[in-house]
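Take a look at the letters that make up each chain.
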Amino acid sequence: VDFTPGMLSIGQRKIRSKGLEGRIQLLTGDARRLPMRSSCADCVTMAFGIRNMRERGVVLRELRRVLKRGGQLLIMEFDYPDDPVLGTLYRIYFHHILPPLGNLISQSSYAYTYLANSVREFPKAAEFLSEMGEAGFGGLSIRKLSLGIAKIYSGIKENP
């Protein structure tokens, strides 16, 4: 499910190239009101999207709604390395070098500036896990990727 037709078009091409047309269906929709019935999914994933949502609690509860009991939520999002030295160096790069360089290369006046700001404004890992818990998820955990530059947040729908 995506609200951007261009992203769905790219996804459809990838599905065709893998011969998975009969197994995967793409839908246009809003994460706050998914076009799916309740308790229909074994797993829900979101990559690099939740930090762009103002109404994270609404989105998390909606993702929980479509999951079956015992279903898993996996959310991948950018973060900063936990190591203090590496974290400081990465922040300098991410906020002072990447935005102007990325904007220049992509010929955008804002894309990489927005990226850096949206990552800065996203809650700390423990705070986001707490938001997931408030939305009704249990079995909460985090898996760090690339020294913590990305994290996969995981939760289970334990009760209907």
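Shown above is the structure to which this text applies.
Predicted model, so just to flag it, every value in this text is computed and none were measured.

About the thresholds
- Residues numbered from 1 in each chain as written.
- Predicted model: local features only at pLDDT ≥ 70, side-chain atom pairs only at ≥ 80, totals over all residues.
- Heavy atoms only, no water.
- Pairing = 2+ DSSP bridges.
- Helix = DSSP H or I, 4+ residues; strand = E, 2+ residues; numbered from the N terminus.
- Axes fitted to C-alpha atoms, helices over the stretch in contact; angles between N-to-C directions.
- Contact = heavy atoms within 4.5 Å.
- Buried < 20%, exposed > 50% of the residue type's maximum accessible area, 1.4 Å probe, protein only.
- Polar contact = N/O pair within 3.5 Å; in protein donor to acceptor, adjacent residues only side chain to side chain.

A.B. asks: Any chance you could break down the sheet that holds strand β2 (residues 67–78) for me, citing the residues and the numbers?
C.D. replies: One open sheet accounts for four strands, arranged β1-β2-β4-β3; its pairing is mixed. Each edge of the open sheet is held by one strand with a lone partner, namely β1 (41–47) and β3 (137–145). Going from strand to strand, the sheet's axes swing by 15° on average, the running direction of each strand aside. The sheet contact formed by β1 and β2 spans six bridges and is parallel. When the sheet's bridge partners are listed, V44 is paired in β2 with L73. Sitting on the sheet, helix α5 (residues 125–134) is in contact with β2, β3 and β4 (150–157), with an inclination near 150° to β3.

A.B. asks: Provide a residue-level description of the environment of D42, including the pertinent values.
C.D. replies: Structurally, D42 can be placed in strand β1. Under the relative-accessibility criterion, D42 is labelled exposed at 54%. Not counting chain neighbours up to four residues away, the residues in contact with D42 comprise L67, K68, G71 and Q72. Reaching out from D42, the side chain makes a polar contact with the side chain of K68 at a distance of 3.4 Å.

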